[in-house]
Amino acid sequence: MKLFLFGIGGTGARVLRSLTMLLAAGSKTPADLTIIPILLDMDMQNGDTERALREVELYRAIRRVAYKDTAASQGSQTERRTFFATPLQPLGTLQAENAQEKIGDSVLPKLTDHEGTFEEFLSVSNMDDIDRELLKLLYDNSARPTSAELKLNLSVGFKGNPNIGSVVFNALEDSAVYKYFTGAFNDQTDRIFVISSIFGGTGSAGFPQLVKLLQHPSQKIQIRNAKKGAVTVMPYFALEENSQSAIDQNRFLSKTKAALSYYQTQVNMDALYYIGDRPGSKLYPNVEGGSKQTNNAHVVEMLAAAAILDFANKPDAEFSDAKRYFEYGLKRNDRTLDLPHFYDQTYNGLLEPLIRFAYATKFFTDFVPANLGEAFAKNLALSQNLRTNTFYTSLENFMTHHFKNWLNEMAQNDRAFFPFDMPNDFNAMVRSKRIETGFFDKGISEKFLRDQAGKIENTFQTPFPEPEKRFMQLLIEVAEKCREKLGPLNRQLSDASV
């Protein structure tokens, strides 16, 4: 099954970033699932988008080597796929019927060739005088740089103006990316999911236009009949004051209410997920777009990514003719969240895998470099390859510079998600439970890790001659042994929880 995942605007990119982390950690997905991420944004230089693209490419590079040539080992009981298990495949790498134009292999295909102002997009200079005067009534054409809508440079997006974005997205059907999508969508088991915000410009404009297009009678029957879902992200952060910015956060709630009213009658999806949060005390920089727009990761984005996985995991029988609506709730409304704050479905499907991946990350980044003389490291030639082999450098980059940063950004945000204290030792890394140690049991000690790594690596030498594949299996199994040492967590919230 393929899931065509449209991420619209900056929110789409940030949720894709969280989804990439959850998939790297081994969150539960159908065994045959392939996700096709398609980011739709005019702001091709957006910092959030660029970061998400790098992480998807790292994910794909790691996965290609870790699970290459797997046909011969599909029946093997030895191989386990948890980390980086679900394929992420760019749209342009699929076969597409009647494709007139290649779109490349980027997750961010070019939406339009237009790089000028909204006024130029509309070809105002070629209009009759009456039409030009009408546009001046409909759109602000003042000399003020923060409010002149017709003068808006579309290369950095729509700056919180869905009235402009909806006009641009109205041309989506004629774009090369959409035509390629329709040519590639042929399987009746495939599904479609859309990520968007409801309070900005790009997401709130692009979502209804895309849904309208997907539902249109002119679309091929496979697209019209496909199971469709969407997550709508409502306001969850506040911006710093910036008199030079065209983004007005005072309009976030009014735009949200207006859009929700429209969605109720005009948006027909099989499953609609809604999530948002009361903004905390930390303010995001008020950046209109471009490379400087790099917002810190937020738990709302992680839970929006969880909605994608929930939709993918639902069997067809759960969908009916009636639309289904989903919201998200926590056990308690604390400003800092830990593992006990989440109900069983989230804990079992998302957070358990995160615990294992956090242990694997610590093992690879902290333990392995200091133990290159051990037998397991010699057998894998890690002293020669750790800093030169692309697989290991990509894995180290992903874990150190992306996964750890993602966790750290969420831990420092407001609302915070702070489940791990990565600088602590293995026994104190999971904040909600410290592993007890004593004279006879040192918990997850260096000796424990050396012994486990040696035993595990030996078992994989025959079925997986490639050292990179053996190392991925080693990471999975060592992380599982650490999780077993941790044991069951007490997931009851105490008065001391913060």
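Residues numbered from 1 in each chain as written. Predicted model: local features only at pLDDT ≥ 70, side-chain atom pairs only at ≥ 80, totals over all residues. Heavy atoms only, no water.

### Details of the overall build of the protein chain
This is how it is decided: To qualify as a helix, a DSSP run of H or I must reach at least 4 residues; to qualify as a strand, a run of E must reach at least 2; elements of each kind are numbered from the N terminus. Any residue under 20% of the maximum accessible area for its type is buried, any over 50% is exposed, and the rest in between are partly exposed; the area is computed with a 1.4 Å probe on protein chains only. In these tables, accessible area is a Shrake-Rupley quantity obtained with a 1.4 Å probe, and a residue counts as shielded only by the protein chains included in the view.
Across its full length, the protein chain holds 16 helices and ten strands. Taking all 498 residues of the protein chain together, 56% fall into the buried category. Taken as a whole, the protein chain presents about 21,800 Å² of accessible surface, with 47% of it coming from carbon and sulfur.

### Details of the side chain of T232
Put simply, the test is: Residue contacts are counted whenever heavy atoms from the two residues lie within 4.5 Å of one another.
Relative to the helices and strands, T232 is located in strand β4 (residues 227-233). In this structure, T232 is in contact with S196, I198, F207, Y263, L272, Y273, Y274 and I275, ignoring residues within four places of it in sequence.

### Overview of the pattern of salt bridges
Selection criterion: The term salt bridge refers to a pairing of a side-chain nitrogen on Lys or Arg with a carboxyl oxygen on Asp or Glu at a separation within 4 Å.
Applying the stated criterion to the full structure yields 29 salt bridges. Between R415 and D277 there is a salt bridge, with its nearest N and O atoms 2.9 Å apart. Within this pair, whereas R415 is found in the loop between α14 (390-412) and β10 (416-417), its partner D277 is found in the loop between β6 (271-275) and β7 (283-284), the two being separated by 138 residues in sequence. Considered together, R415 and D277 belong to a single accessibility category, that of buried residues.

### Observations concerning α14
This is how the line gets drawn: Residue count minus one, scaled by 1.5 Å, sets the expected span of a helix. Fitting axes to the seven residues that end at a residue and to the seven that start at it, the angle between those axes gives the bend at that residue. Counted as a polar contact is a pair of N or O atoms within 3.5 Å, where, for protein atoms, one must be capable of donating a hydrogen and the other of accepting one, and residues adjacent in sequence contribute only when both atoms are in side chains.
Here α14 spans 31 Å end to end across 23 residues, near enough to the 33 Å set by a 1.5 Å rise per residue. Along α14, the helix axis deviates most sharply at M399, where the bend reaches about 30°. Residue N389 occupies the N-cap position of α14, its side-chain oxygen lying 2.8 Å from the main-chain nitrogen of F391.

### A short note on the pairing of β4
Quick note on the threshold: By definition, two strands form a pair when at least two bridges between them are found by DSSP.
For β4, the buried fraction is high: six of the seven residues fall into the buried class. Across seven bridges, strand β3 (residues 191-197) lies against β4 in parallel orientation. Pairing of I195 across the sheet is with V231, part of β4. Pairing of β4 with β6 involves five bridges; the strand directions are parallel. By the bridge assignment for β6, A230 is matched with L272.

### So, the packing of aromatic side chains
Geometrically, a pair of aromatic rings is defined through the distance of the ring centres and the angle of the planes. Stated formally: Only Phe, Tyr and Trp rings take part, Trp by its six-membered ring, and two of them pair if their centres are within 6.5 Å. Stacked means planes under 30 degrees apart, edge-to-face means over 60, and tilted covers everything else. Definition used: whenever NZ (Lys) or CZ (Arg) falls within 6 Å of the ring centre and also within 35 degrees of the ring normal, the charge is taken to sit over that ring.
Inspection of every chain in the model, using the stated rule, returns 25 aromatic pairs. An angle of 40° between the planes, with centres 5.0 Å apart, marks the rings of F4 and F185 as tilted. One end of the pair, F4, is in strand β1 (residues 2-8); the other, F185, is in the loop between α6 (176-184) and β3, with 181 residues separating them in the sequence. Residue class for F4 comes out buried when judged on its relative accessible area of 0%. Taken together, the ring pairs connect Y59, F83, F84, F357, F398, F403 and W406 into an aromatic cluster. R431 extends its terminal NZ or CZ atom over the ring of F418, reaching a point 3.9 Å from the ring centre.

### Remarks on the nonpolar core
Quick note on the threshold: Residues grouped as a nonpolar core are buried Ala, Val, Leu, Ile, Met, Phe, Trp, Tyr and Cys residues, joined through side-chain atoms within 4.5 Å. In this entry, domain limits derive from an automatic or database-based domain assignment.
If you look at the biggest cluster of nonpolar residues, it comprises 143 residues, and the most contacted ones within it are F84, L91, Y359, F363 and F471. Three or more residues apiece are contributed to this core by two domains, here domain 1 (2-109 + 162-328) and domain 2 (341-486).

### Some points on the sheet that holds β1
The test is simple: Lines fitted to C-alpha atoms define the axes, with helix axes restricted to the stretch in contact, and inter-axis angles between N-to-C directions lie between 0 and 180 degrees.
As summarised here, the arrangement of the six strands in space is β2-β1-β3-β4-β6-β8, forming an open sheet in which the pairing is parallel. In this open sheet, the two edge strands, each paired with only one partner strand, are β2 (34-40) and β8 (324-326). For this sheet, the mean inter-axis angle between neighbouring strands, taken without regard to orientation, is 15°. Most of the contacts of helix α1 (residues 9-25) go to β1, to which it runs at about 140°, and overall it touches β1, β2, β3 and β4.

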